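Per-entry structural report
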Amino acid sequence: MFENTCGANGAICNLLDGQWIGAAGGDTIDILSPVDGSLVGRVPAMTRADVDRALAGTKQALAGWAEAPIHERAAVFYRAADLLEARADEIARVLTMEIAKDEKSAVFEVRRTADFLRYTADAGKSMAGEAIGGDNFPGGSKHKISYVSRVPLGTVLAISPFNYPVNLSVSKIAPALIGGNTVLLKPATQGAVSALHLAAVMQAAGLPAGVLNTVTGRGGDIGDYLVTHPGVNFINFTGSTQVGRRIAGLARMVPLMLELGGKDAAIVLPDADMDFAADNIVSGAYAYAGQRCTAVKRILAENHVADKLVPRLLTRIAALKVGDPRDNATIVPLIDAKAADFVAGLINDAVQKGAKVLTGGGRHGNLIEPTLVDFVTPDMRLAWEEPFGPVLPILRVKNVQEAIDIANRSEYGLQSSVFTNSIHDAFGIAAQLEVGTVQINNKTERGPDHFPFLGVKASGMGTQGVKYAIEAMTRPKAVVFNLDGGAHGA
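How each quantity is defined
- Residues numbered from 1 in each chain as written.
- Predicted model: local features only at pLDDT ≥ 70, side-chain atom pairs only at ≥ 80, totals over all residues.
- Heavy atoms only, no water.
- Helix = DSSP H or I, 4+ residues; strand = E, 2+ residues; numbered from the N terminus.
- Contact = heavy atoms within 4.5 Å.
- Areas by Shrake-Rupley, 256 points an atom, 1.4 Å probe, with all protein chains shown as cover.
- Lys, Arg positive; Asp, Glu negative; His and termini not counted.
- Charge placed at Lys NZ, Arg CZ, Asp CG, Glu CD.
- Core = buried A, V, L, I, M, F, W, Y, C linked by side-chain atoms within 4.5 Å.
- Buried < 20%, exposed > 50% of the residue type's maximum accessible area, 1.4 Å probe, protein only.
- Arc of directions from axis to C-beta.
- Phe/Tyr/Trp six-rings, centres within 6.5 Å; stacked < 30°, edge-to-face > 60°.
- Lys NZ or Arg CZ within 6 Å of the ring centre and 35° of its normal.
- Patch = residues over 30% accessible without salt bridge, like charges linked within 9 Å, V, L, I, M, F, W, Y side chains within 5 Å.
- Salt bridge = Lys/Arg side-chain N within 4 Å of Asp/Glu carboxyl O.
- Axes fitted to C-alpha atoms, helices over the stretch in contact; angles between N-to-C directions.
- Parallel < 35°, antiparallel > 145°, perpendicular 65-115°, else oblique.
- Left-handed = near helix turned anticlockwise from the far one by under 90°.
- Nonpolar A, V, L, I, M, F, W, Y, C, P; charged D, E, K, R; others polar.
- Pairing = 2+ DSSP bridges.

1. Digging into the overall build of the chain
Tallying secondary structure elements over the chain gives 14 helices and 28 strands in all. Each of the three principal axes of the chain carries a C-alpha extent, and together these read 90 × 70 × 40 Å. Across the chain, every contact between residues at least 6 apart in sequence was considered, and the portion connecting residues at least 24 apart equals 71%. Put simply, the chain shows about 19900 Å² of open surface, and 53% of that area lies on carbon and sulfur atoms. Each charge class in the chain was averaged separately, 46 positive and 50 negative side chains, and the resulting centres sit 3 Å apart.

Put into structure tokens, the structure is as follows:
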């Protein structure tokens, strides 16, 4: 896909103002595969001067893109979606080696991204202004009319994570662009190769130069510089709560959308279909080795419910495929050794404090076996901290109210699941849970992508989902007509 490389070491270029270039100083970063340690690619370690150039390019492109008819912006998206589908297998292979995502899920990510582009194009074409009569408010008059339209904010800084480097890049880029903004994309370093393939697709689809620029590099070198740069008008970030808090503290008056961590609970009631609940919980907890903010991260159930659920969970966990993502394994190596160390530490802390590992717990390099830990109590780190790995704790509670209380004591508030056959209990519990979304009889998950997706507390700020994201990255502009006045010719 990349016709040119940057320098003698063969680094993949960044897209700046329609050209593929390397870092000003020629420095690069090796992207090694968590699957086998092989070199996936090299990306430029961009400097602050490169950031200045990239942002300046987005500013130069802004006026023309903002003035482009929405149907022309949408046409670029349709072409990009077709290209993504045509290149799905190629890009999926990059995803598999770069972030250890199984091939089936990698292909699905690319195809889902194509769907996202098409839906966003359609949503953009449906955007409409409104006329507001002045006489709606006391003291107003029919002679005063406000025409309200939505206009872009300017340059959106999109910072995407490692686990969905194609889909979660587009979830930021597409709503921003259809709203008339330009975008500077800073992908996670592990995931940057995949994200640059996406940028190449957008360029090939006819996106004008400078409308989408990219920068890769070390967060310690350019991270703070990016989020405090005066050329940035909106920051859209997905990543850890720790980094999100830092961005929020640095951004000051720049509007933000933050998708951060979660400790999503599955509350299982006595009347639930236990087999159905077990299917959903195992799928929700262990897909992509649990490296998802929406993964099921703890089970809250009364003793007799947990006793029924545990054998069903163990049967399903035993059937999970463990190993190489190229063999479509569900449990794959975690993104790096630091991540595996953290998960192992949570398991060890729980065991030392009296929890029981029912299955798994072993480690092979960066691969953690699918692990189910029972009798976890609130004094254990595993009850509260987000593992981002294939470990699921069971917290046994006295009653449903205690389950709700423990779920709400978390610093996070992304999603929760409730499994029950009582519509009364479902709505009653959902009303009490302090989260962005409650899933009834379903695993916690993102999407469909036109649904609102949001977190409260330490799980984020702002609302995603196609329509909501377009609205967040545009603003109303009012033009008021006073009809009883007017110009008088000479």
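2. Quick word on the nonpolar core
Counting residues in hydrophobic clusters, the biggest one holds 88 residues, and the most contacted among them are Phe-77, Leu-117, Leu-177 and Met-202. With seven residues, the top contributor of residues to this core is helix H4 (residues 103-125). If we ignore the near neighbours within four places in the chain, the residues touching Phe-77 are Leu-117, Thr-120, Ala-121, Ala-174, Leu-177, Ile-178 and Met-202. Counting 25 residues, the second-largest nonpolar core is a separate cluster that includes Ile-281, Ala-285, Leu-309 and Leu-372.

3. Comments concerning helix H8 (residues 241-251)
Here H8 has its buried residues at Thr-241, Gly-244, Ile-247 and Ala-251. Taken end-on, H8 shows its buried residues confined to a sector of 120 degrees, consistent with a single buried face. Residues of H8 that are exposed and point more than 90 degrees away from the buried face comprise Gln-242 and Gly-249. Where H8 terminates, the next one or two residues include Arg-252, which has phi positive at roughly 60 degrees.

4. Digging into the packing of aromatic side chains
Applying the stated criterion to the full structure yields one aromatic pair. Between Phe-162 and Phe-388, the aromatic rings sit 6.1 Å apart at their centres with planes inclined by 75 degrees, giving edge-to-face as the arrangement. Note that Phe-162 is positioned in the loop between strand S9 (155-160) and helix H5 (167-178) and Phe-388 in the loop between strand S19 (371-374) and strand S20 (391-397), a separation of 226 residues in sequence. The side chain of Lys-101 reaches across the aromatic face of Tyr-164, ending 3.5 Å from its centre. Here Lys-101 stacks its cationic end above the ring of Tyr-288, 5.0 Å away from the centre of that ring.

5. Brief notes about a nonpolar patch on the surface
A cluster of nonpolar side chains, Tyr-147, Val-479, Phe-481 and Leu-483, forms an exposed patch at the surface whose accessible area comes to about 370 Å². Relative to the elements of secondary structure, Phe-481 occurs in strand S28 (residues 474-482). Its relative accessible area of 43% is what places Phe-481 among the partly exposed residues.

6. Considering the packing of helix H2 (residues 70-86) against helix H6 (residues 192-204)
Axis separation between H2 and H6 bottoms out at 8 Å; the angle between their running directions is 130 degrees. The angle between H2 and H6 falls in the class oblique. Taken as a pair, H2 and H6 cross one another with a handedness that is right-handed. Facing H2, whose interface residues are Phe-77, Ala-80, Leu-83 and Leu-84, H6 presents Leu-198, Val-201, Met-202 and Ala-204. Of the residues contributing to the contact of H2 with H6, the split by class is eight nonpolar, no polar and no charged.

7. Some thoughts on the sheet that holds strand S12 (residues 234-238)
In a beta sheet, neighbouring strands are held together by backbone hydrogen bonds and run either parallel or antiparallel to one another. Taken together, six strands build an open sheet; the order of strands is S11-S10-S9-S12-S13-S26 and the sheet is mixed. Bordering the open sheet on either side are strand S11 (212-214) and strand S26 (460-461), each of which pairs with just one other strand. Two elements, S12 and strand S13 (residues 256-259), share four bridges in a ladder whose sense is parallel. Residue Phe-237 lies in a different strand from S13, and its bridge partner there is Leu-258. Strands in contact with helix H1 (residues 48-67) are S9, strand S10 (182-187) and S11; relative to S10, the strand with the most contacts, it is inclined by about 155 degrees.

8. Some details on the environment of Pro-378
Relative to the assigned elements, Pro-378 resides in the loop between S19 and S20. Owing to a relative accessible area of 37%, Pro-378 belongs among the partly exposed residues under this scheme. Sequence separation between Pro-378 and Pro-175 is 203 residues, and the spatial gap between their C-alpha atoms is 40 Å.

9. Things to note about the sheet that holds strand S23 (residues 437-440)
Judged by pairing direction, the sheet is mixed, and its seven strands sit side by side in the order S16-S19-S20-S15-S14-S22-S23 without closing on themselves. Each end of this open sheet is capped by a strand with a single partner; those strands are strand S16 (356-359) and S23. Averaged over all neighbouring strand pairs, the angle between strand axes comes to 25 degrees, with direction disregarded. Pairing analysis gives three bridges linking S16 to S19, with the strands arranged antiparallel. Along S19, the bridge assignment pairs Thr-359 with Leu-372.

10. Re the packing of H4 against H5
Orientation of H4 relative to H5, taken along the N-to-C sense of each, is 15 degrees, at an axis distance of 10 Å. In terms of axis orientation, H4 runs roughly parallel to H5. The chirality of how H4 crosses H5 is right-handed. Residues Glu-109, Arg-112, Thr-113, Phe-116, Leu-117, Thr-120, Ala-121 and Gly-124 of H4 form the contact with H5, whose own contacting residues are Asn-167, Val-170, Ser-171, Ala-174, Pro-175 and Ile-178. Among the residues forming the contact of H4 with H5, the class breakdown is seven nonpolar, five polar and two charged.

11. Concerning the pattern of salt bridges
Under the defined criterion, the tally for this structure stands at 25 salt bridges. The shortest N-O distance in the salt bridge between Glu-386 and Lys-297 comes to 3.2 Å. In this pair, Glu-386 sits in the loop between S19 and S20 while Lys-297 sits in the loop between helix H9 (274-286) and strand S15 (298-302), placing the two residues 89 residues apart along the sequence. Between Arg-396 and Asp-307 there is a salt bridge; the shortest N-O distance is 2.9 Å.

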